[in-house]
Amino acid sequence: VEASRSFFFDGDYFERLFSGLGPNAHLFLSLLDGKVIAAGLFTLCAGIVQAHLVGSRDEYYALSPVKLLLDSVRLWANEQHALTFHLGGGLGGQQDSLFYFKSGFSDRTHQFALGVHIGRNHQCGPRQRKEFVLGADEDPHPVAVAGEVQ
């Protein structure tokens with residue numbers, strides 16, 4: 001919903017992602033009259049279901065299709081005997097409206113660290129690399145939401 005352009009990915013990104021993650025990557029859809037109104041990409045590894053990308057069409061926001069999608073993933077995770085469903089935190093690790101939406105699913109939160117892989121063609125020194133990973137004003141220990149699968 002009104003996501004910044006940095007959250008829009010081309011087909012090549014998803015081909016590489018699914019190729020690299022193989023059977024650990026799972027795509028879930030919320031459909032209405034055959035139309036995709038929400039979608040989410042999740043991983044399952046070592047008993048942890050991790051939300052990677054989740055979004056919905058703006059015109060269906062009032063129907064809360066992401067809530068239905070996340071509940072479907074929760075039920076599927078239970079069938080897979082997963083132990084944890086990790087939703088992540090707010091944008092950039094902040095406790096913003098995204099974080100508060102996610103915290104509506106679980107009261108379990110934890111500290112986590114953000115990391116970025118910088119390829120060998122990325123040319124920046126140690127100072128720029130630190131700012132690139134954490135940002136100038138970001139908390140190095142943001143809060144994320146995770147719940148036990150029930």
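Before reading further, recall that the structure is shown in the block above.
On a predicted model such as this, the values are computed, not experimentally measured, just so you know.

**Some points on the overall build of the protein**
- The helix and strand inventory of the protein stands at four helices and six strands.
- Listed N to C, the secondary structure of the protein is α-β-β-β-α-β-α-β-α-β in terms of helices and strands.
- Looking at the 150 residues of the protein, the share that counts as buried comes to 31%.
- For the protein, contacts bridging at least 24 residues in sequence account for 61% of all contacts bridging at least 6.

**Regarding the pattern of salt bridges**
- Under the defined criterion, the tally for this structure stands at three salt bridges.
- The residue R16 makes a salt bridge to D12 at a minimum N-O spacing of 3.1 Å. Taken together, the residues R16 and D12, both in helix α1 (residues 11-21) and four residues apart, mark about one turn of the helix.
- Accessibility expressed as a relative area gives 51% for R16, which makes it exposed.
- Between D71 and R74 there is a salt bridge whose closest N-O contact spans 2.8 Å. Note that D71 and R74 are positioned in helix α2 (residues 65-79) at a spacing of three residues, about one turn of the helix.
- For D71, a relative accessible area of 33% translates into the label partly exposed.
- For R74, a relative accessible area of 28% gives the class partly exposed.

The rules behind the values
Residues numbered from 1 in each chain as written. Predicted model: local features only at pLDDT ≥ 70, side-chain atom pairs only at ≥ 80, totals over all residues. Heavy atoms only, no water. Helix = DSSP H or I, 4+ residues; strand = E, 2+ residues; numbered from the N terminus. Buried < 20%, exposed > 50% of the residue type's maximum accessible area, 1.4 Å probe, protein only. Contact = heavy atoms within 4.5 Å. Salt bridge = Lys/Arg side-chain N within 4 Å of Asp/Glu carboxyl O.

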